[in-house]
Amino acid sequence: MTRKLHKSLLAFFFLLASTSTIAQDESLMTYDIAMQAMAATEAYARDQGWNVTILITDQMGNPVMLHRIDGAGGRTFEFASRKALVVNETGISSGEYGRRVGAGEMEEIEGGVTFAGGVPIFVDGQRVGAIAVSGVTAAQDEEAALAGVEAVGSASN
């Protein structure tokens, strides 16, 4: 009887631990948030006449949405992906990451970039993902990304 109880308790704790892990791995980025952020970013870029690639990921770096405006360069997806990687690894913008790496305050992330255009998305104080833009200057990329972030939340908590 004690052995059976022991096994039952062990199974219960294993199940509890596995559901906690699953909950932590859930995407916090919803399709609706991504759609709103994408629409605002794309509208801003088009108003400026910028041909860019826009990538939105969840907080774990999984792609949720991608738009490449006609005329955006072929490598813009690669740079947007690398900007999103930095944001999701650090929780800060890719521009801020670049400043900190340059100042010797942070280690470089393999595959990351040190220029602006990737921005975290916070909704109700919680980081739900990243938006990364590539195709114009780094400052312009960040400007477009911020337009999307501001449509759904903020770039910091």
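Anything mentioned here points back to the structure above.
Every value quoted in this text rests on a predicted model; they were computed, and no experiment measured them.

Participant: How should the side chain of Lys83 be read in this particular structure?
Facilitator: Residue placement: Lys83 occurs in helix 3 (residues 76-90). Since its relative accessible area comes to 1%, Lys83 is described here as buried. With residues near it in sequence (within four places) discarded, Lys83 still touches Ser94, Val113, Phe115, Ala116, Gly117, Gly118, Ala132, Val133, Ser134 and Asp141.

Participant: What is the right way to read the nonpolar core from this model?
Facilitator: Soluble globular proteins: nonpolar side chains tend toward being buried together. Core analysis: the biggest nonpolar cluster contains 22 residues, and Met29, Val52, Ile54, Ile56, Ile121, Ile131 and Val133 have the highest contact counts within it. Secondary structure elements with two or more residues in this core: helix 2 (31-48), strand 1 (53-58), strand 3 (118-123), strand 4 (126-134) and helix 5 (138-152). For this core, the element with the most residues is helix 2, which contributes five residues. The contact partners of Met29, leaving out residues within four places of it in the chain, are Ala34, Ile56, Thr57, Asp58, Gln59, Val64, Ile121, Val128 and Gly129.

Participant: Just to check I follow, could you spell out the sheet that holds strand 1 for this structure?
Facilitator: Hydrogen bonding along the main chain pairs the strands of a sheet, whether they run parallel or antiparallel. Read from one edge to the other, the open sheet built from four strands follows the order 2-1-4-3, with strand pairing classed as antiparallel. The sheet terminates laterally at strand 2 (63-68) and strand 3, the two strands that pair on one side only. Along the sheet, successive strands turn relative to each other by an average axial angle of 15°, direction set aside. Pairing of strand 1 with strand 4 involves six bridges; the strand directions are antiparallel. Within strand 4, the position partnered with Ile56 by the bridge is Ile131. Along the sheet face, helix 5 touches strand 3 and strand 4 and points at about 10° away from the line of strand 3.

Participant: Any chance you could explain the packing of aromatic side chains here in plain terms?
Facilitator: To describe a pair of aromatic rings, you give the distance between the ring centres and the angle between the ring planes. Throughout the structure, instances matching the rule amount to two aromatic pairs. With a centroid separation of 5.9 Å and an interplanar angle of 65°, the aromatic rings of Tyr44 and Trp50 are classed as edge-to-face. Taking the relative accessible area as the measure of exposure, Tyr44 reaches 24% and is therefore partly exposed. By relative accessible area, which is 10% here, Trp50 ends up buried.

Participant: Could you clarify how one ought to interpret the pattern of salt bridges in this entry?
Facilitator: Note that side chains of opposite charge can pair when their charged atoms are close. Taken as a whole and assessed by the stated rule, the structure comprises six salt bridges. Here Glu96 makes a salt bridge to Arg100, at a shortest N to O gap of 2.9 Å. One end of the pair, Glu96, and the other, Arg100, are both in helix 4 (residues 94-102), four residues apart, so they sit about a helical turn from each other. Judged by relative accessible area, Glu96 falls into the partly exposed class, the value being 24%. Put simply, Arg75, Glu78 and Arg82 are held in one network by salt bridges that share partners.

Procedures and definitions
Residues numbered from 1 in each chain as written. Predicted model: local features only at pLDDT ≥ 70, side-chain atom pairs only at ≥ 80, totals over all residues. Heavy atoms only, no water. Helix = DSSP H or I, 4+ residues; strand = E, 2+ residues; numbered from the N terminus. Buried < 20%, exposed > 50% of the residue type's maximum accessible area, 1.4 Å probe, protein only. Contact = heavy atoms within 4.5 Å. Core = buried A, V, L, I, M, F, W, Y, C linked by side-chain atoms within 4.5 Å. Pairing = 2+ DSSP bridges. Axes fitted to C-alpha atoms, helices over the stretch in contact; angles between N-to-C directions. Phe/Tyr/Trp six-rings, centres within 6.5 Å; stacked < 30°, edge-to-face > 60°. Salt bridge = Lys/Arg side-chain N within 4 Å of Asp/Glu carboxyl O.

No statement about biological role is implied by the geometric values presented.
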